[in-house]
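Structure assessment
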2 protein chains.
Amino acid sequence: MSEVTEILKKYSKNIDNEIENSLSAISPEELYNASNHLFNSGGKKLRPALTILACDAVGGVFEQSFKTAAAIELIHTFSLIHDDIMDQDDIRRGNPAVHTLWGEPMAILAGDILFSKAFELVLETSVDSNSYKKLSDALAVVADACVKICEGQAEDMSFEGKFDVTEEQYMDMIYKKTGALIAAATKSGAIIGGASDEVILAMEEYGKLIGLAFQIQDDYLDVISDEESLGKPVGSDIVGGKMTLMVVKTLADAPDEDCERLISLLKENNPNHVGDVINLFNKYDSINYAHNVAQGNVNKAKQLLEILDDSEAKRALMLIADFVLERQS
Amino acid sequence: MSEVTEILKKYSKNIDNEIENSLSAISPEELYNASNHLFNSGGKKLRPALTILACDAVGGVFEQSFKTAAAIELIHTFSLIHDDIMDQDDIRRGNPAVHTLWGEPMAILAGDILFSKAFELVLETSVDSNSYKKLSDALAVVADACVKICEGQAEDMSFEGKFDVTEEQYMDMIYKKTGALIAAATKSGAIIGGASDEVILAMEEYGKLIGLAFQIQDDYLDVISDEESLGKPVGSDIVGGKMTLMVVKTLADAPDEDCERLISLLKENNPNHVGDVINLFNKYDSINYAHNVAQGNVNKAKQLLEILDDSEAKRALMLIADFVLERQS
């Protein structure tokens, strides 16, 4: 077991307990089961661990961040449930998606109630009467991330079948869709930990950068990994015609002829074209480019941590930044 | 124009402004348009007016409740958008539903972002540093109502095709689906207005009672009104096989034979059976029963207002309680 896996495992029981307590009162039973489903299918629990570590690393009482950490995981799960409906993805974490088992109406509700429970959970954070401001700041961070997740998903949907997306637009989309919640995780942890504004900003930026790297690495692994490590066929993003940094980069650098070729290959959604698309990516060095962008983000994220005093938690945040690029799935 | 219509109109500009400001930054444009759609189709804005009036009636600075009032309307609208998807209702307020125009994925997101924006809006309520507790209490009320709305919708869905629903189960469902948000409207207004715990509780109960009366009256109007007043054919709930207090009451009081007859009529979803069903309702006095339950709730709600000092706002709350039963659509 890698050191990061151990770090993530360290807090998972606390997070699970908070989530269980939060959801236990949901009725009727069908809604309870639907909203609980994905928590029974694993998941790395990276985001809540980041909240707890950020709280700890800024010198806060890390137990005070458990509820907000769990809330971040509820919001992540809500967005997965709704995304799977929107994208018509029937499998999540190797199991049937919520809407596959309970139908779309119950899956919409399951997402909605996790969303509501997330806000309830943050509000249950016990703070003394002087620190209601912390609570309201943490809540604002969470609510803002929720707005961004919706906007990012809408942008992602608007990219479908369109290939005139700039790198800036692409990065904005993945920031909103993936980076914003990870940034909210670290930022809310720092707020609850009582950090200064400067440190809160650094922790937010750290979260944003590793969030972006995480998404770019996902796309990168889809073309350089193998089916066994990935748990799904190589090139599934290509077959799905998905916009990735490699597509954006190739379209930006290639002459018209190769651009047209790439677009037509992506539009065909044909597994036999994966090799041809990868060759085009390589012709314009886009795979290396994506990897370098991700690596650059991780390096910057680690530099931002220098603002913190040395601690076990800071070391863990360093390791997690590296882990984003080391993971094979 | 009735006096209540004038009262509701009095604040509608403030509420509209808050909603416009809250939603103006949403991107991309498609998501902005989808989330704005229902605000362009009218709506009574009863809930936000109740928040403002409750704040005013308890002696608070009513302008401080504008953002929370608008947030309540955002949550109401979010739930309409998602309900229309779940119930496959293609028309809302005489216009195409959000999912009819933008498709289900964008409608899911439009609901989600209104939900997120609602929490942002409450958090923007300007409170002095001593009253963050008010803010967090108001937020907890809103989040709790959201949980209940989801549970109520799930219960409503679970009743479909089932006819062994007790009056208690039915009342619990409509409390969660309709009453909880109206109770949250009046309760959060009272909290922001700085009311005592006793007054806050009374205002919550007032909201709950008129919310229940509102829903029962909706079902009652569906059988006693006429098509012109309703804006839709009489008996559409009957044709839809919908569970109402009249159905619950008839099934509770009628012998097996008439119960079976009612169930089979409701299952046929046939407009020609509306008269037969209404005859069955009358045979067991269920229509009067429903009206009396609604009237009883309104009377209790008005009694609860006696805890307040006399004011224009208190008078408005009295009038609104009566309006719930006087309205024809």
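Just so it is clear, the structure is predicted and the values come from calculations on it, not from any experiment.

Calculation rules
Residues numbered from 1 in each chain as written. Chains lettered and ligands numbered in written order. Predicted model: local features only at pLDDT ≥ 70, side-chain atom pairs only at ≥ 80, totals over all residues. Helix = DSSP H or I, 4+ residues; strand = E, 2+ residues; numbered from the N terminus. Rg over C-alpha atoms; globule rule 2.2 N^0.38 Å. Buried ≥ 20, exposed ≤ 12 C-beta atoms within 10 Å, placed from the backbone. Contact = placed C-beta atoms within 7 Å. Nonpolar A, V, L, I, M, F, W, Y, C, P; charged D, E, K, R; others polar. Expected span 1.5 Å × (residues − 1). Core = buried A, V, L, I, M, F, W, Y, C linked by C-beta atoms within 7 Å. Least-squares fit on C-alpha atoms with pLDDT ≥ 70 in both. Bend = angle between axes of the 7 residues up to and from the residue. Axes fitted to C-alpha atoms, helices over the stretch in contact; angles between N-to-C directions. Parallel < 35°, antiparallel > 145°, perpendicular 65-115°, else oblique. Left-handed = near helix turned anticlockwise from the far one by under 90°. pLDDT = per-residue confidence, 0-100.

**A short note on the overall build of chain A**
On a plain count of helices and strands, chain A comes out with 15 helices and 2 strands. A compact globule built from 329 residues would reach a C-alpha radius of gyration of about 20 Å, and chain A, at 20 Å, matches this within 12%. When each of the 329 residues of chain A is scored for burial, the buried share is 52%. A sequence separation of at least 24 residues applies to 74% of the contacts in chain A between residues at least 6 apart.

**So, the interface of chain B and chain A**
Across the contact, 38 residues belong to chain B and 38 residues belong to chain A. In terms of residue count, helix 6 (residues 132-159) of chain B provides more of the side of chain B that touches chain A than any other element does, 17 residues in total. Each residue belonging to the side of chain B that touches chain A can be placed in one class, and the counts come to 23 nonpolar, 7 polar and 8 charged.

**Side note on helix 6 of chain B**
Residue and element names in this part refer to chain B. Taking 1.5 Å per residue, 28 residues should reach 40 Å; helix 6 reaches 41 Å between its end C-alpha atoms and fits that length. Counting buried positions along helix 6 yields 20 of 28 residues, so the element is predominantly enclosed. Following helix 6 by one or two positions, Gly161 adopts a phi angle in the positive range, close to 75°.

**As for the nonpolar core**
In this structure, Val142(A), Ile210(A), Val142(B) and Ile210(B) are the most contacted members of the largest nonpolar core, which totals 227 residues. Residue contacts for Ile210(A): discarding those within four places in its chain leaves Ile182(A), Asn297(A), Val298(A), Ala301(A), Ile320(A), Ala321(A) and Val324(A).

**Section: the relation of the copies chain B and chain A**
Mapping chain B onto chain A leaves a residual RMSD of 0.0 Å; the transformation is a rotation of 180° accompanied by 0.0 Å of translation along its axis. The relationship between the two copies is best expressed as a two-fold rotation axis. Residue Tyr132(B), judged by its C-alpha, is the member of chain B lying nearest the rotation axis, at 2.8 Å.

**Some words on the environment of Lys44(B)**
Here Lys44(B) lies in the loop between helix 2 (29-36) and helix 3 (46-57). A C-alpha to C-alpha distance of 25 Å links Lys44(B) and Ala140(B), two positions 96 residues apart in sequence.

**Concerning helix 1 (residues 3-23) of chain B**
Residue and element names in this part refer to chain B. Over its 21 residues, helix 1 extends 30 Å from the first C-alpha to the last, a length consistent with the 30 Å expected when each residue adds 1.5 Å. Along its length, helix 1 reaches its greatest deviation from straightness, about 40°, at Ser12. Of all the positions in helix 1, only Val4, Ile7, Leu8, Tyr11, Ile15, Glu18, Ile19 and Ser22 are classed as buried. In this fold, the buried residues of helix 1 make contact with helix 3, helix 4 (66-87), helix 5 (98-124) and helix 15 (312-326).

**Observations concerning unusual backbone geometry**
A cis geometry characterises the amide bond from Ser27(A) onward to Pro28(A), with omega recorded as -5°. Tracing the sequence through the fold places Pro28(A) in the loop between helix 1 (3-23) and helix 2 (29-36). In this structure, Gln88(B) is a non-glycine residue whose phi angle is positive, near 55°. Within the fold, Gln88(B) resides in the loop between helix 4 and strand 1 (91-92). Exposure remark for Gln88(B): the 11 C-beta atoms within 10 Å place this residue in the exposed category.

**Observations concerning the packing of helix 4 (residues 66-86) of chain A against helix 5 (residues 98-123) of chain A**
Residues and elements named next belong to chain A. Here helix 4 crosses helix 5 at 155°, and the two axes come no closer than 8 Å. On the basis of the axis angle, helix 4 is roughly antiparallel to helix 5. Judged by the sense of rotation from one axis to the other, the crossing of helix 4 with helix 5 is left-handed. Here the residues of the contact of helix 4 with helix 5 are counted per class, giving 16 nonpolar, 5 polar and 4 charged.

**Here's the deal with the confidence of the model for chain A**
In the predicted model, chain A carries a mean pLDDT of 93, and the fraction of residues at 70 or more is 98%. We note a pTM of 0.94 for the whole complex and an ipTM of 0.93 for its interfaces.

**Quick look at the environment of Asn17(A)**
Residues and elements named next belong to chain A. With respect to the secondary-structure elements, Asn17 resides in helix 1. For Asn17, a count of 12 C-beta atoms within 10 Å translates into the label exposed. Separated by 65 residues in the primary sequence, Asn17 and His82 have C-alpha atoms spaced 24 Å apart.

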